[in-house]
Amino acid sequence: MKQLVDDYPTRKSAVPSLLERKDPVVYQKTLNQSEIGTSELEFYEQNGFLFLQSFFDEDEVARFKSETKRLLTEAHGSTRPEVILEPESEEVRSIFAVHRDDAFFQQLASSPRLLAVAKQILDGEVYVHQSRINFKPGFTGKEFYWHSDFETWHAEDGMPRMRALSCSIALEDNTYYNGSLMVIPGSHQWFVSCVGETPEDHYKESLRRQQYGVPDQESLTKLVNESRIEMPIGKAGSVLFFDCNVMHGSSANISPYPRSNAFFVYNSVENKLQEPFSSSKPRPQYIAARS
(Lines give C-alpha, C1' and ligand atoms only; values in the text may rest on other atoms or scores of the structure.)
Protein backbone atom coordinates (compact mmCIF):
# COMPACT_ATOMS: atom_id res chain seq x y z
CA MET A 1 0.00 0.00 0.00
CA LYS A 2 1.40 3.39 -0.99
CA GLN A 3 2.05 5.58 2.04
CA LEU A 4 0.44 9.00 2.22
CA VAL A 5 2.32 12.26 2.73
CA ASP A 6 3.30 12.50 6.40
CA ASP A 7 1.91 15.70 7.94
CA TYR A 8 2.82 14.51 11.42
CA PRO A 9 6.42 13.24 11.33
CA THR A 10 7.62 11.71 14.58
CA ARG A 11 10.51 9.55 15.82
CA LYS A 12 12.56 10.74 12.83
CA SER A 13 14.53 13.63 14.33
CA ALA A 14 16.95 14.00 17.23
CA VAL A 15 15.06 17.13 18.32
CA PRO A 16 11.42 17.20 19.45
CA SER A 17 9.04 19.76 18.00
CA LEU A 18 5.49 21.07 18.28
CA LEU A 19 3.49 20.93 15.05
CA GLU A 20 0.15 22.63 14.54
CA ARG A 21 -2.80 20.33 13.94
CA LYS A 22 -3.91 20.15 10.30
CA ASP A 23 -7.18 18.25 10.77
CA PRO A 24 -10.62 19.22 12.10
CA VAL A 25 -11.62 18.24 15.62
CA VAL A 26 -15.37 18.04 15.09
CA TYR A 27 -16.13 16.77 11.60
CA GLN A 28 -19.92 17.23 11.77
CA LYS A 29 -21.24 20.32 13.56
CA THR A 30 -24.88 19.90 12.55
CA LEU A 31 -26.56 17.85 15.26
CA ASN A 32 -27.79 14.45 14.09
CA GLN A 33 -28.35 12.73 17.49
CA SER A 34 -29.79 13.48 20.91
CA GLU A 35 -27.04 12.34 23.31
CA ILE A 36 -25.11 15.61 23.29
CA GLY A 37 -26.03 19.16 22.28
CA THR A 38 -24.33 22.07 20.56
CA SER A 39 -22.68 23.37 23.75
CA GLU A 40 -21.14 19.95 24.48
CA LEU A 41 -19.89 19.69 20.90
CA GLU A 42 -18.31 23.15 21.14
CA PHE A 43 -16.67 22.21 24.46
CA TYR A 44 -15.20 19.08 22.87
CA GLU A 45 -13.87 21.06 19.92
CA GLN A 46 -12.22 23.64 22.15
CA ASN A 47 -10.87 21.36 24.87
CA GLY A 48 -10.40 17.99 23.15
CA PHE A 49 -12.56 16.04 25.58
CA LEU A 50 -16.10 15.75 26.92
CA PHE A 51 -17.08 14.19 30.24
CA LEU A 52 -20.64 12.86 30.61
CA GLN A 53 -21.50 12.18 34.24
CA SER A 54 -23.57 9.05 35.02
CA PHE A 55 -24.08 8.25 31.33
CA PHE A 56 -25.11 4.70 32.26
CA ASP A 57 -27.58 3.88 35.04
CA GLU A 58 -27.01 1.88 38.25
CA ASP A 59 -28.29 -1.41 36.85
CA GLU A 60 -25.96 -1.13 33.88
CA VAL A 61 -23.07 -0.24 36.17
CA ALA A 62 -23.71 -3.30 38.35
CA ARG A 63 -23.48 -5.47 35.22
CA PHE A 64 -20.27 -3.67 34.15
CA LYS A 65 -18.66 -4.49 37.49
CA SER A 66 -19.62 -8.16 37.48
CA GLU A 67 -18.46 -8.66 33.90
CA THR A 68 -15.18 -6.86 34.59
CA LYS A 69 -14.56 -9.03 37.64
CA ARG A 70 -15.23 -12.13 35.55
CA LEU A 71 -12.85 -10.96 32.83
CA LEU A 72 -10.08 -10.21 35.33
CA THR A 73 -10.51 -13.61 37.00
CA GLU A 74 -10.23 -15.34 33.63
CA ALA A 75 -7.10 -13.33 32.77
CA HIS A 76 -5.09 -14.31 35.84
CA GLY A 77 -2.38 -16.75 34.82
CA SER A 78 -3.21 -16.38 31.12
CA THR A 79 -0.41 -16.36 28.56
CA ARG A 80 -2.59 -14.81 25.85
CA PRO A 81 -0.84 -11.82 24.22
CA GLU A 82 -3.97 -9.74 24.77
CA VAL A 83 -3.35 -9.85 28.54
CA ILE A 84 -0.75 -7.23 29.52
CA LEU A 85 0.96 -7.40 32.91
CA GLU A 86 2.42 -4.62 35.04
CA PRO A 87 6.15 -4.00 34.40
CA GLU A 88 7.34 -5.29 37.78
CA SER A 89 4.68 -7.81 38.76
CA GLU A 90 2.20 -10.40 37.58
CA GLU A 91 -0.75 -8.03 38.14
CA VAL A 92 -2.98 -7.57 35.08
CA ARG A 93 -2.51 -4.07 33.67
CA SER A 94 -4.73 -4.28 30.57
CA ILE A 95 -6.76 -6.72 28.52
CA PHE A 96 -6.94 -5.87 24.81
CA ALA A 97 -9.44 -6.73 22.07
CA VAL A 98 -12.34 -7.13 24.48
CA HIS A 99 -14.77 -5.98 21.77
CA ARG A 100 -13.58 -8.90 19.63
CA ASP A 101 -13.18 -11.67 22.21
CA ASP A 102 -15.89 -11.05 24.80
CA ALA A 103 -19.60 -11.05 24.01
CA PHE A 104 -20.56 -8.56 26.73
CA PHE A 105 -17.94 -5.97 25.81
CA GLN A 106 -18.65 -6.50 22.12
CA GLN A 107 -22.23 -5.48 22.86
CA LEU A 108 -21.08 -2.51 24.95
CA ALA A 109 -18.76 -1.26 22.18
CA SER A 110 -21.77 -1.37 19.84
CA SER A 111 -23.99 0.69 22.17
CA PRO A 112 -26.14 2.96 19.97
CA ARG A 113 -25.66 5.79 22.48
CA LEU A 114 -21.88 5.63 22.33
CA LEU A 115 -21.89 5.25 18.57
CA ALA A 116 -24.19 8.25 18.19
CA VAL A 117 -21.64 10.52 19.86
CA ALA A 118 -18.70 9.04 17.94
CA LYS A 119 -20.49 9.36 14.60
CA GLN A 120 -21.49 12.93 15.39
CA ILE A 121 -17.92 14.02 16.10
CA LEU A 122 -16.25 11.99 13.35
CA ASP A 123 -19.06 12.44 10.78
CA GLY A 124 -20.16 9.05 9.54
CA GLU A 125 -19.54 5.38 10.05
CA VAL A 126 -16.87 4.24 12.50
CA TYR A 127 -15.21 1.00 13.55
CA VAL A 128 -13.34 -0.06 16.68
CA HIS A 129 -9.64 0.53 16.10
CA GLN A 130 -8.70 -0.71 19.57
CA SER A 131 -10.41 -1.83 22.78
CA ARG A 132 -9.09 -2.66 26.22
CA ILE A 133 -9.84 -2.75 29.92
CA ASN A 134 -7.29 -0.92 32.05
CA PHE A 135 -6.99 -1.99 35.67
CA LYS A 136 -5.58 -0.01 38.58
CA PRO A 137 -5.94 -2.04 41.75
CA GLY A 138 -5.71 -0.27 45.09
CA PHE A 139 -2.16 0.38 46.34
CA THR A 140 -0.41 -1.26 43.38
CA GLY A 141 -1.92 0.21 40.18
CA LYS A 142 0.87 1.79 38.15
CA GLU A 143 0.94 5.07 36.23
CA PHE A 144 0.39 5.72 32.53
CA TYR A 145 2.80 8.51 31.54
CA TRP A 146 1.73 11.55 29.47
CA HIS A 147 1.15 10.72 25.82
CA SER A 148 -0.89 11.41 22.72
CA ASP A 149 -2.56 8.25 21.44
CA PHE A 150 -2.37 9.52 17.88
CA GLU A 151 1.42 9.74 18.04
CA THR A 152 1.60 5.98 18.58
CA TRP A 153 -1.28 5.10 16.26
CA HIS A 154 0.32 7.20 13.51
CA ALA A 155 3.89 6.01 14.06
CA GLU A 156 3.27 2.31 14.73
CA ASP A 157 -0.17 1.57 13.22
CA GLY A 158 -0.27 3.88 10.20
CA MET A 159 -3.32 5.96 11.16
CA PRO A 160 -3.07 8.80 8.64
CA ARG A 161 -5.29 11.58 10.04
CA MET A 162 -6.63 12.80 13.38
CA ARG A 163 -10.11 11.42 12.80
CA ALA A 164 -10.49 9.07 15.77
CA LEU A 165 -11.51 9.34 19.40
CA SER A 166 -11.44 7.32 22.60
CA CYS A 167 -14.40 6.52 24.78
CA SER A 168 -13.49 5.69 28.37
CA ILE A 169 -16.23 4.16 30.52
CA ALA A 170 -15.69 4.30 34.28
CA LEU A 171 -16.22 0.78 35.63
CA GLU A 172 -15.47 1.98 39.16
CA ASP A 173 -15.77 5.44 40.70
CA ASN A 174 -13.00 7.67 39.33
CA THR A 175 -11.76 9.98 42.09
CA TYR A 176 -8.96 12.48 42.69
CA TYR A 177 -6.98 9.91 44.65
CA ASN A 178 -7.24 6.58 42.79
CA GLY A 179 -5.13 7.39 39.74
CA SER A 180 -7.77 8.92 37.46
CA LEU A 181 -7.02 10.21 33.99
CA MET A 182 -5.59 13.71 33.61
CA VAL A 183 -5.91 15.74 30.41
CA ILE A 184 -4.39 18.98 29.12
CA PRO A 185 -7.29 20.95 27.57
CA GLY A 186 -6.46 22.35 24.14
CA SER A 187 -3.37 20.19 23.71
CA HIS A 188 -5.12 18.34 20.88
CA GLN A 189 -4.38 21.33 18.64
CA TRP A 190 -0.65 20.59 18.77
CA PHE A 191 1.21 17.44 17.73
CA VAL A 192 4.31 16.69 19.77
CA SER A 193 6.85 15.14 17.42
CA CYS A 194 8.89 12.74 19.57
CA VAL A 195 12.50 11.58 19.32
CA GLY A 196 13.92 8.07 19.17
CA GLU A 197 13.61 5.43 16.46
CA THR A 198 10.91 2.81 17.11
CA PRO A 199 12.53 -0.48 18.18
CA GLU A 200 11.48 -3.79 16.64
CA ASP A 201 8.31 -5.16 18.28
CA HIS A 202 8.17 -2.09 20.49
CA TYR A 203 4.61 -2.88 21.58
CA LYS A 204 5.82 -5.83 23.66
CA GLU A 205 7.43 -3.37 26.07
CA SER A 206 5.46 -0.17 25.50
CA LEU A 207 2.14 -1.65 26.64
CA ARG A 208 3.76 -2.29 30.01
CA ARG A 209 5.90 0.86 30.15
CA GLN A 210 6.39 3.26 27.23
CA GLN A 211 9.85 4.65 26.48
CA TYR A 212 9.50 5.74 22.84
CA GLY A 213 6.80 8.07 21.60
CA VAL A 214 7.01 9.87 24.94
CA PRO A 215 6.65 13.68 24.77
CA ASP A 216 9.57 15.79 25.98
CA GLN A 217 9.30 17.76 29.19
CA GLU A 218 9.74 21.15 27.51
CA SER A 219 6.78 20.56 25.18
CA LEU A 220 4.63 19.25 28.04
CA THR A 221 5.48 22.27 30.18
CA LYS A 222 4.56 24.62 27.35
CA LEU A 223 1.23 22.88 26.76
CA VAL A 224 0.34 23.01 30.47
CA ASN A 225 1.49 26.61 30.95
CA GLU A 226 -0.68 27.73 28.04
CA SER A 227 -3.65 25.82 29.44
CA ARG A 228 -3.99 23.71 32.60
CA ILE A 229 -4.39 20.13 33.81
CA GLU A 230 -7.87 18.78 34.44
CA MET A 231 -9.00 15.48 35.93
CA PRO A 232 -12.53 14.49 34.83
CA ILE A 233 -13.82 12.44 37.77
CA GLY A 234 -17.18 10.87 38.49
CA LYS A 235 -19.20 7.85 39.47
CA ALA A 236 -18.99 4.48 37.78
CA GLY A 237 -21.01 4.64 34.59
CA SER A 238 -19.66 8.06 33.60
CA VAL A 239 -18.10 8.36 30.15
CA LEU A 240 -15.18 10.40 28.88
CA PHE A 241 -14.85 11.03 25.16
CA PHE A 242 -11.46 12.42 24.16
CA ASP A 243 -9.73 13.33 20.92
CA CYS A 244 -7.04 11.02 19.58
CA ASN A 245 -4.38 13.74 19.97
CA VAL A 246 -5.19 15.22 23.38
CA MET A 247 -2.31 14.86 25.83
CA HIS A 248 -3.29 12.66 28.78
CA GLY A 249 -1.88 10.39 31.46
CA SER A 250 -2.53 9.12 34.96
CA SER A 251 -0.67 8.68 38.23
CA ALA A 252 -0.22 5.48 40.20
CA ASN A 253 -3.07 4.41 42.46
CA ILE A 254 -1.76 4.36 46.03
CA SER A 255 -5.26 4.59 47.51
CA PRO A 256 -7.11 1.50 48.78
CA TYR A 257 -9.75 1.94 46.09
CA PRO A 258 -9.49 0.18 42.70
CA ARG A 259 -10.05 1.96 39.42
CA SER A 260 -10.83 0.28 36.12
CA ASN A 261 -12.02 1.67 32.80
CA ALA A 262 -13.17 0.23 29.49
CA PHE A 263 -11.68 1.96 26.46
CA PHE A 264 -13.14 1.82 22.98
CA VAL A 265 -11.31 3.67 20.22
CA TYR A 266 -13.59 4.64 17.36
CA ASN A 267 -11.94 5.47 14.04
CA SER A 268 -13.66 6.82 10.94
CA VAL A 269 -14.00 4.34 8.09
CA GLU A 270 -12.52 7.17 5.97
CA ASN A 271 -9.33 7.00 8.07
CA LYS A 272 -8.29 3.38 7.65
CA LEU A 273 -4.77 2.39 8.57
CA GLN A 274 -1.90 2.63 6.09
CA GLU A 275 1.64 1.36 6.49
CA PRO A 276 3.21 2.59 9.76
CA PHE A 277 4.80 6.02 9.43
CA SER A 278 7.66 5.37 11.88
CA SER A 279 7.92 1.63 12.37
CA SER A 280 9.18 -1.26 10.29
CA LYS A 281 5.92 -3.22 10.56
CA PRO A 282 2.41 -2.72 11.96
CA ARG A 283 1.39 -3.87 15.42
CA PRO A 284 -0.82 -6.99 15.74
CA GLN A 285 -4.54 -6.89 15.05
CA TYR A 286 -5.46 -7.26 18.73
CA ILE A 287 -3.85 -3.83 19.33
CA ALA A 288 -4.79 -2.10 16.08
CA ALA A 289 -7.58 -3.50 13.91
CA ARG A 290 -6.79 -3.21 10.21
CA SER A 291 -10.18 -4.45 9.00
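Residues numbered from 1 in each chain as written. Predicted model: local features only at pLDDT ≥ 70, side-chain atom pairs only at ≥ 80, totals over all residues. Heavy atoms only, no water.

**So, helix α8 (residues 217-225)**
Heads up, the condition is: Here the term buried applies to any residue with accessible area under 20% of the maximum for its type, exposed to any over 50%, and partly exposed to those in between, with areas from a 1.4 Å probe on protein chains only. The way it works is that DSSP assigns letters per residue, a run of H or I at least four long becomes a helix, a run of E at least two long becomes a strand, and they are numbered from the N terminus. The reported arc concerns the directions from the helix axis to the C-beta atoms and nothing else.
Where α8 is concerned, the buried positions are Ser 219, Leu 220 and Leu 223. Viewed along the axis of α8, the buried residues span an arc of 100°, placing them on a single side of the element. Opposite the buried face of α8, by more than 90 degrees, sit the exposed residues Gln 217, Glu 218 and Asn 225.

**As for helix α6 (residues 149-157)**
Across the nine residues of α6, nine count as buried, placing the element largely inside the fold. Looking only at α6, the buried set comprises Asp 149, Phe 150, Glu 151, Thr 152, Trp 153, His 154, Ala 155, Glu 156 and Asp 157. Of the residues one or two after α6, Gly 158 is the one with positive phi, at around 85°.

**Focus on the nonpolar core**
We apply this condition: The criterion is simple. A nonpolar core is a set of buried Ala, Val, Leu, Ile, Met, Phe, Trp, Tyr and Cys residues joined through side-chain atoms within 4.5 Å. Only heavy atoms enter the contact rule, under which two residues are in contact if any of them lie within 4.5 Å.
Counting 39 residues, the largest nonpolar core has Phe 105, Leu 114, Ile 169, Phe 241, Phe 264 and Tyr 266 as the members making the most contacts within it. Among the elements that take part in this core, helix α5 (residues 112-122) stands out by supplying six residues, more than any other. The contacts of Phe 264, once residues within four sequence positions are left out, are Val 98, His 99, Phe 105, Leu 108, Ala 109, Leu 114, Gln 130, Ser 131, Leu 165, Ser 166, Cys 167 and Ile 169. Counting 12 residues, the second largest nonpolar core, distinct from the first, contains Phe 150, Ala 164, Cys 244 and Leu 273.

**A short note on the sheet that holds strand β8 (residues 181-183)**
Backbone-to-backbone hydrogen bonds pair the strands of a sheet. The strands run either parallel or antiparallel. Heads up, the condition is: Any two strands are treated as partners once DSSP identifies two or more bridges connecting them. Inter-axis angles, ranging from 0 to 180 degrees, are taken between N-to-C directions of lines fitted to C-alpha atoms, where helices are fitted over the stretch in contact.
Strands sit in the order β6-β11-β8 across an open sheet of three strands; the sheet is antiparallel. Bordering the open sheet on either side are β6 (144-147) and β8, each of which pairs with just one other strand. Taking each pair of neighbouring strands and ignoring which way they run, the sheet shows an average axis angle of 25°. One ladder, built from three bridges, connects β8 with strand β11 (residues 248-250); its direction is antiparallel.

**A few points about a nonpolar patch on the surface**
Note the following rule: Each patch is built from residues lacking any salt bridge and having more than 30% relative accessible area; the joining distance is 9 Å for like charges and 5 Å for nonpolar side chains (Val, Leu, Ile, Met, Phe, Trp, Tyr). Only the protein chains shown count as cover for residues, and all accessible areas are computed by the Shrake-Rupley method using a 1.4 Å probe. Salt bridge, as used here: a side-chain nitrogen of Lys or Arg that lies within 4 Å of a carboxyl oxygen of Asp or Glu.
Among the surface-exposed residues, Tyr 176, Tyr 177 and Tyr 257 lie close enough to one another that they form a single nonpolar patch of about 420 Å² accessible area. In this structure, Tyr 176 sits in the loop between β7 (164-170) and β8.

**Structural notes on the pairing of β7**
Within a regular strand, the side chains alternate between the two sheet faces. Counting buried residues along β7, seven of its seven residues qualify, which places the element largely inside the surrounding structure. Burial of β7 is two-sided: the residues Ala 164, Ser 166, Ser 168 and Ala 170 facing one way and the residues Leu 165, Cys 167 and Ile 169 facing the other way are all buried. Where β7 meets strand β12 (residues 259-268), seven bridges bridge the pair, whose relative direction is antiparallel. Pairing of Ser 166 across the sheet is with Val 265, part of β12.

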